[in-house]
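Summary of structural features
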Amino acid sequence: MTDGPEPVSAEALRAVQEELAELRAERAKVVGTLRGEDVGDRADAADELQRADDVARLDERIAELEARVREGAAAGPPSTEVVGVGSTVTVRFADGVEETVEVAELAEVREETLVTADSPLGRALLGRHAGETVNYEAPNGAASAVVLSVGGRRAS
């Protein structure tokens, strides 16, 4: 990963925006249950504290995702030349299986083909170009893959 803002692919941005909408709706629902006044017994007070903690947790996650959207907008679109965070990469594994994955910064993005930048494959892919072979440690031992394309751009 770089020191500057990291791009966000269109697919990841869509997933982040969906999560933001869900979190905002959940937050509104929880805030609607807060009384903001003295509560009756200890159980009521404990429930009120739990809901306040839930709002704080939701606010933290919302702020994190909003910052990621701003960062992605500042970074611009992912490169089609070199693999970086936000890149969509098509690889062919040693067994001949081809798969298109997205290199992402956050594992929370709900995408089945997500590869985080700090995973073994993600680290191996960063900085690579179409046509290059990457070697990495998989859970069952050494593995390799050929980068077929970056952002849809195939090796020439």
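Preceding this section is the structure that the text describes.
Only a predicted model underlies this, so the values are computations on that prediction, with no experimental measurement involved.

**Focus on the nonpolar core**
- Val 89, Leu 121, Leu 125, Val 134 and Tyr 136 are the most contacted members of the largest nonpolar core, which totals 19 residues.
- Those elements that place two or more of their residues in this core are strand E1 (88-93), strand E2 (98-104), helix H3 (120-125), strand E4 (133-138) and strand E5 (141-150).
- By residue number, the principal contributor to this core is E5, which donates four residues.
- The contact partners of Val 134, leaving out residues within four places of it in the chain, are Leu 121, Ala 124, Leu 125, Arg 128, Ala 143, Ser 144, Ala 145 and Val 147.
- By size, the runner-up hydrophobic cluster in this structure holds eight residues, among which are Val 16, Leu 20, Val 55 and Leu 58.

**A word on the environment of Ala 138**
- Along the polypeptide, Ala 138 turns up in strand E4.
- Put simply, Ala 138 and Pro 120 are 18 residues apart on the chain and 6.8 Å apart in space, counted from C-alpha to C-alpha.

**Structural notes on helix H2 (residues 42-75)**
- Look at H2: 49 Å from first C-alpha to last across 34 residues, which is about the 50 Å you get at 1.5 Å a residue.
- Those residues of H2 not exposed but buried are Glu 48, Arg 51, Val 55, Leu 58, Arg 61, Ile 62, Leu 65, Arg 68 and Gly 72.
- Structurally, H2 contributes buried residues whose contacts are with helix H1 (10-33).
- Backbone geometry just downstream of H2 places Gly 76 in the positive-phi region, at approximately 85 degrees.

**Things to note about the pattern of salt bridges**
- All chains considered together, the criterion is met by ten salt bridges.
- Residue Arg 51 pairs with Glu 48 through a salt bridge whose shortest N-O separation is 2.8 Å. A residue pair is termed a helical-turn pair when its members lie 3 or 4 positions apart in one helix, as Arg 51 and Glu 48 do in helix H2 at three residues. Of the two residues, Arg 51 and Glu 48, neither departs from the other in class, the shared state being buried.
- Measuring nitrogen to oxygen at the nearest pair gives 3.2 Å for the salt bridge that ties Arg 128 to Glu 132.
- Residue class for Arg 128 comes out partly exposed when judged on its relative accessible area of 28%.
- Each of Glu 19, Arg 61 and Glu 64 takes part in a single network of salt bridges with overlapping partners.

**Digging into the environment of Val 16**
- Here Val 16 lies in helix H1.
- Each C-alpha atom of the pair Val 16 and Arg 68 lies 8.5 Å from the other, and the pair is 52 residues apart in sequence.

**Topic: the pairing of E5**
- Relative to E5, E1 is paired through five bridges, and the arrangement is antiparallel. Note on E5: the bridge partner recorded for Thr 90 is Ser 149.
- Where E4 lies against E5, six bridges are found, and the strand directions are antiparallel. Residue pairing in the sheet places Thr 133 in a bridge with Val 146 of E5.
- Between E4 and E5, which pair antiparallel one after the other, the connecting turn spans two residues.

Rules and cut-offs
Residues numbered from 1 in each chain as written. Predicted model: local features only at pLDDT ≥ 70, side-chain atom pairs only at ≥ 80, totals over all residues. Heavy atoms only, no water. Core = buried A, V, L, I, M, F, W, Y, C linked by side-chain atoms within 4.5 Å. Buried < 20%, exposed > 50% of the residue type's maximum accessible area, 1.4 Å probe, protein only. Helix = DSSP H or I, 4+ residues; strand = E, 2+ residues; numbered from the N terminus. Contact = heavy atoms within 4.5 Å. Expected span 1.5 Å × (residues − 1). Salt bridge = Lys/Arg side-chain N within 4 Å of Asp/Glu carboxyl O. Pairing = 2+ DSSP bridges.

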